[in-house]
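Residue-level structural notes
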Amino acid sequence: MSFLPKFKLLRGGRAPRRVRKREAPPGLIQFLEQSRVIAALIFIATVAAIVLISFVGVKTMDVPVLPNQSAPVRIVANAAFSYESAELKRVQLEQVRDRVPPVYRLEFEPLLQFETHIQDLLIAFYRFEQTFPADAISTPEAHEQFELITSTFNAAGPYRSTVDDLRALLFVGDAAQRFTLVENALLVLREIYAQGVHDDRAFSNSSNNGDITVFQISKADQVSNQAVESMEDALTLLRINLAAEGLGRPTTLSLFLIFRNGVTPNLVYDQAATKALQERAVADLQPVVVNVKRGETIIEPGTRVTAEQHEMLVAHRERVLQSGTAKIDDGLQLFGRVLLVLAMVLACSIYIRLEDIETLRSNSRLGLLALVVMLNLTAVRLSYEFSSLPFFVQHSSAASLLPYIAPTALAPVIVALFIDAGSAVFMALLISIFTGVIYGNRLDLLVLTFLASMVAILCTRQTRRRGSIVRATTLGGVVVATFALLIGVVDRIPPITVLQQMGAGLTTGVLTGIVVVGLLPLVESLFKRTTDITLIELTDYNHPLLRRMQMEAPGTYHHSLAVAQLAENAADAISANPLRARVCSLFHDIGKMVKPEYFTENQREGVNPHDFNNPSLSSLIIKSHVKEGVDLAIQHRLPRVVVNVIRQHHGTSLIRYFFSRAVGVIKGAGNPGTSAPFSPETPVHRDSNAPVLPGLEPVPVSEDTYRYDGPRPQFKESAIILLADSCEAASRSLSKVTPQGLGELIDKIVSDHIVDGQLDESPLTFAEVSRIKSSFNFTLLNMLHSRAAYPTDAKGKKKTANPSRPLPVKPDKRLPPSTPLNYRTEVHAGR
């Protein structure tokens, strides 16, 4: 009680009446949940939203494509426009540069070196003649000296002259005649060098006329066409000029072999002059203007986008962006689009009808599916709309990142968390199909996004921590990044763009997980759905309601723990949700905290308040714990599933003990002070043949007064908790727990509930009920097991067991002789 009500109470006022916090009227909730009209409206709204998001306003010219990528759709010019083509001008410049012949310059340095070496040779000849007169030339010393002159001359070049060739030059005549002959030969070499000599192998691909453009430094850096000689032609010219001297064939051949060492190719490529010539050639080029007519095809579908087509597409986008006009209806007609969406949504409905009939019957589930589809497609459409912004129009590499920032795994992960994996898979396929449609019917994007969503769904199953959601979507982002790399390699996309696409896919995966974690509380509150993450948080025993139950109703708290163990094991046995069963069991009896003393498990010192009440009032108090529990659950904002279990965990069953007291079939009913111990949850059956107690007249009693208000269990976990609650309470009344007796008790309780119709509205099958009973039997036997009593001495004190002296083993006739001794020891020792 807050301070203000306490203050009013101290002043003599009356305590304020507690106001219960209630939900919306059950009739309205049931109408919104099960009305087929609402379901039809959800269907129509979903179709309309998908058509509006996926098609209306989508322009094929905004489809992000890069050069070398395969075009997904045909893109046609919406209006006539012109633009200066930088790509065509680049091609034209390359063609002009290719047509400009390379420029060479004449290199005279080899000739100058040869002239120097020939002059040195003539000086050596003059000195040789001074040292060795004509009569001494044949001496060994002369031969040795001449060989030295020959080797020195060859090493200077290096040249390949022999001693005989140099002797021929020496014996031509005196020094003056040799000088004249050498000058004539050098003159011929100068003419050859001035004309130019090229290597036949280097210029094998030149024109047949041999005209090669050369750069002549001696002509003020002017470029002119000049015919140059090949090595073969230059040597022929040298041989002819030497033969004209009339020295005889042997001497002429020797002189030719000497002076051929001076003939080498002297054309050198001049890069600077070539570039200058190319620049002068392209300086007169005019910009290339491309005129595009209205309706002209810019890009054909299924073909590789060339650089020219991509440039035309960018120019088209800029033209439309400047004019503000665009042809929107440039693909399928609106009617065809509606049919496509209608077919997809109908296929989704058929799948739900076959695989998850509960979702089709629940408007809240259908609304959740419709809402997440709309939100996810809206996010995809927003990422697509970025492509029409000026920045992305001008930067195609940035626009290519947009398909990888679309959070296509958002809706599938939410559906996997709140409904099931099967619905999430179909949701992933639906989102991927329309994502591919929005981005221009891209099949590769459809497959990529669907695979990433499947990985995220696989890693989201049975998630009980929020961090696992981010990890699952991050793995989906890794899949996107990996396939972005593979697609980039196939399409020959620049490496920097591929790395950006990989980073975008990975970042989108991480952000998708963060967004899903942030949306969980909102979706849970809006659709009254509960994830395992929220349920695992409710298992904290420090929850305010559980802490209060431990203090105010400890018997009920321990009863709830036992029911939770029973329900969890049974739910696991029939493949239901064990976590949901456990959490709901922990809170199913929180209403008993309002009046805990009226329930057997909380009564101490033999005081029973029901001894002083009539049966109808006691029954009303017992039934009130359901309403009180619902109020407490709503007040503490427990999930809807917990509220439903609190309301359904007794169904419309009969409170048999007080009903029997009311009709006077229980001994001591006329004297409340002598009532035997009881448990209101223990089924007590009236014997139709039992005589009426003396002094008591049969009183007409309505069963409705002694029945819970219901409703009956609507789902598996609720039905399991109803059975577990009754079985756990009844098992406490057994004086001796045996497998046979416990099994008969469980069978009787379950049979009574089935006969009473408490399981008629639950989806349990008889096979599942059989497995539930087996699970109850196993769990209760372990919970209610007994231990061996410690032996006492003559004074009544317990003896301490001596490990060195085992307990005596008595022969057990019930066990076969082949039973191991250690088994008998453990059985009789009570271990």
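In what follows, the structure referred to is the one given above.
Before going into details, it helps to say that this report is about the structure given with it. (Residues numbered from 1 in each chain as written. Predicted model: local features only at pLDDT ≥ 70, side-chain atom pairs only at ≥ 80, totals over all residues. Heavy atoms only, no water.)

**Regarding the overall build of the chain**
Assigned secondary structure in the chain consists of 33 helices and 10 strands. Within the chain, buried positions represent 45% of all 831 residues. Sequence separation of at least 24 residues holds for 77% of the intrachain contacts in the chain that already meet a minimum separation of 6. As displayed, the chain has an accessible area near 44100 Å², and 58% of this comes from carbon and sulfur atoms. (Helix = DSSP H or I, 4+ residues; strand = E, 2+ residues; numbered from the N terminus. Buried < 20%, exposed > 50% of the residue type's maximum accessible area, 1.4 Å probe, protein only. Contact = heavy atoms within 4.5 Å. Areas by Shrake-Rupley, 256 points an atom, 1.4 Å probe, with all protein chains shown as cover.)

**Observations concerning the packing of helix 9 (residues 231–243) against helix 10 (residues 249–259)**
Relative orientation of the contacting elements helix 9 and helix 10 amounts to 140°, with a least axis distance of 10 Å. Taken together, helix 9 and helix 10 sit at an angle that is classed as oblique. Considering how the two elements wind past one another, helix 9 and helix 10 form a crossing that is right-handed. In this structure, helix 9 uses Leu235, Leu238, Arg239, Leu242 and Ala243 to contact helix 10, whose residues at the interface are Thr252, Leu255, Phe256 and Phe259. Split by residue class, the contact of helix 9 with helix 10 holds seven nonpolar, one polar and one charged. (Axes fitted to C-alpha atoms, helices over the stretch in contact; angles between N-to-C directions. Parallel < 35°, antiparallel > 145°, perpendicular 65-115°, else oblique. Left-handed = near helix turned anticlockwise from the far one by under 90°. Nonpolar A, V, L, I, M, F, W, Y, C, P; charged D, E, K, R; others polar.)

**Some thoughts on the pattern of salt bridges**
By the definition in use, this model includes 19 salt bridges. Where Glu94 meets Arg90, a salt bridge forms, and the shortest distance between an N and an O atom there is 2.7 Å. Of this pair, Glu94 and Arg90 both sit in helix 4 (residues 86–99), four residues apart, which is roughly one turn of the helix. For Glu94, a relative accessible area of 38% gives the class partly exposed. (Salt bridge = Lys/Arg side-chain N within 4 Å of Asp/Glu carboxyl O.)

**Overview of the packing of aromatic side chains**
Counted under the stated rule, the structure contains 14 aromatic pairs. Centroid distance Phe114 to Phe259: 6.0 Å. Interplanar angle 70°. Geometry classified as edge-to-face. With a gap of 145 residues between them, Phe114 in helix 5 (residues 109–131) and Phe259 in helix 10 connect regions that are remote in the sequence. Relative accessible area serves as the criterion here: at 0%, Phe114 is assigned to the buried category. (Phe/Tyr/Trp six-rings, centres within 6.5 Å; stacked < 30°, edge-to-face > 60°.)

**Considering empty space enclosed by the protein**
Evaluation of the coordinates by the stated rule reveals three cavities of 30 Å³ or more. The volume enclosed by the second largest cavity comes to roughly 160 Å³. Of all elements in the fold, only helix 20 (443–460), helix 21 (466–490) and helix 22 (495–527) reach the threshold of two or more residues within the lining of the second largest cavity. Counted by class, the lining of the second largest cavity contains nine nonpolar, nine polar and no charged residues. (1 Å grid on protein atoms, 1.4 Å probe; cavity = no way out; pocket = protein on both sides within 12 Å on 5 of 7 lines; lining within 4 Å. Points joined across faces, edges and corners; volume = space filled by probe spheres on them.)

**A short note on unusual backbone geometry**
Gly710 connects to Pro711 through a cis peptide bond whose omega is 10°. Positive phi is not limited to glycine here, since Arg492 has a value of about 55°. Among the secondary structure elements, Arg492 is positioned in the loop between helix 21 and helix 22. Overall, Arg492 belongs to the exposed group, its relative accessible area being 54%. Look at Arg637: it is not a glycine, yet its phi comes out positive at around 55°. For Arg637, the position within the fold is in the loop between helix 27 (615–635) and helix 28 (640–648).

**What to know about helix 26 (residues 578–587)**
With respect to burial, helix 26 is a largely interior element, nine of its 10 residues being buried. Within the sequence span of helix 26, burial applies to Pro578, Leu579, Ala581, Arg582, Val583, Cys584, Ser585, Leu586 and Phe587. Contact partners of the buried residues in helix 26: helix 23 (532–538), helix 24 (544–552), helix 25 (554–573), helix 28 and helix 30 (716–731). Sitting at the amino-terminal end of helix 26 is Asn577, which places a side-chain oxygen 3.2 Å from the backbone nitrogen of Leu579. (Polar contact = N/O pair within 3.5 Å; in protein donor to acceptor, adjacent residues only side chain to side chain.)

**Looking at the side chain of Thr531**
Within the fold, Thr531 resides in the loop between helix 22 and helix 23. The exposure class of Thr531 is buried, given its relative accessible area of 1%. Here the side chain of Thr531 touches Glu524 through a polar contact of 2.9 Å, side chain to side chain. In contact with Thr531, other than residues within four places in its own chain, are Leu417, Phe418, Leu520 and Glu524.

**Thoughts on the pairing of strand 9 (residues 289–292)**
By the alternation rule, side chains of strand 9 split into Val290 and Val292, which are all buried, and Val289 and Asn291, of which none is buried. Pairing of strand 2 (residues 81–84) with strand 9 involves four bridges; the strand directions are antiparallel. Looking at the pairing, Phe81 lines up with Val292 of strand 9. (Pairing = 2+ DSSP bridges.)

**Structural notes on the nonpolar core**
Counting 53 residues, the largest nonpolar core has Phe587, Ile590, Leu638, Val642, Ile720, Ile772 and Phe776 as the members making the most contacts within it. Take this core: its biggest share by element is eight residues, from helix 30. Ranked by size, the runner-up nonpolar core spans 42 residues in total, among them Leu377, Val415, Ile431 and Phe434. (Core = buried A, V, L, I, M, F, W, Y, C linked by side-chain atoms within 4.5 Å.)

**Looking at the packing of helix 20 against helix 21**
Each packed pair of helices is defined by two parameters, the angle between the axes and the distance between the axes. Viewed as axis vectors pointing N to C, helix 20 and helix 21 meet at an angle of 155°, and their least axial separation amounts to 8 Å. By the angle class used here, helix 20 and helix 21 are roughly antiparallel. Where helix 20 crosses over helix 21, the handedness of that crossing is right-handed. Of helix 21, the residues touching helix 20 (which contributes Asp444, Leu448, Leu451, Ala452, Val455, Ala456, Cys459 and Thr460) are Ala472, Thr473, Leu475, Gly476, Val479, Val480, Phe483 and Ile487. In terms of residue class, the contact of helix 20 with helix 21 is built from 12 nonpolar, three polar and one charged.

**Quick look at the environment of Tyr126**
Mapped onto the fold, Tyr126 is located in helix 5. Judged by relative accessible area, Tyr126 falls into the partly exposed class, the value being 44%. Distance from Tyr126 to Asp174, taken between C-alpha atoms, is 9.0 Å for residues 48 residues apart in sequence.

**Quick look at a nonpolar patch on the surface**
On the surface, Phe335, Leu339, Leu342 and Leu346 cluster together into a nonpolar patch covering about 380 Å² of accessible area. Within the secondary structure, Leu339 sits in helix 13 (residues 334–355). Judged by its relative accessible area of 42%, Leu339 is partly exposed. (Patch = residues over 30% accessible without salt bridge, like charges linked within 9 Å, V, L, I, M, F, W, Y side chains within 5 Å.)

**Section: the environment of Ser619**
In this structure, Ser619 sits in helix 27. Separated by 43 residues in the primary sequence, Ser619 and Ala662 have C-alpha atoms spaced 10.0 Å apart. Those residues in contact with Ser619 that sit more than four places away from it in its chain are Ile655, Phe658, Thr705 and Tyr706.

**A word on helix 4**
Helix length check: helix 4 (14 residues) gives 20 Å between terminal C-alpha atoms against 20 Å at 1.5 Å per residue, within 8%. Taken as a whole, helix 4 has its buried residues at Glu87, Leu93 and Val96. A side-chain oxygen of the first residue of helix 4 lies 3.0 Å from the backbone nitrogen of Leu88; this N-cap is Ser85. (Expected span 1.5 Å × (residues − 1).)

**Some words on the environment of Pro739**
Counting through the fold element by element, Pro739 comes out in helix 31 (residues 739–755). Between the alpha carbons of Pro739 and Phe778 there is a distance of 8.7 Å; along the sequence they are 39 residues apart.

Nothing here speaks to function; it is geometry throughout.
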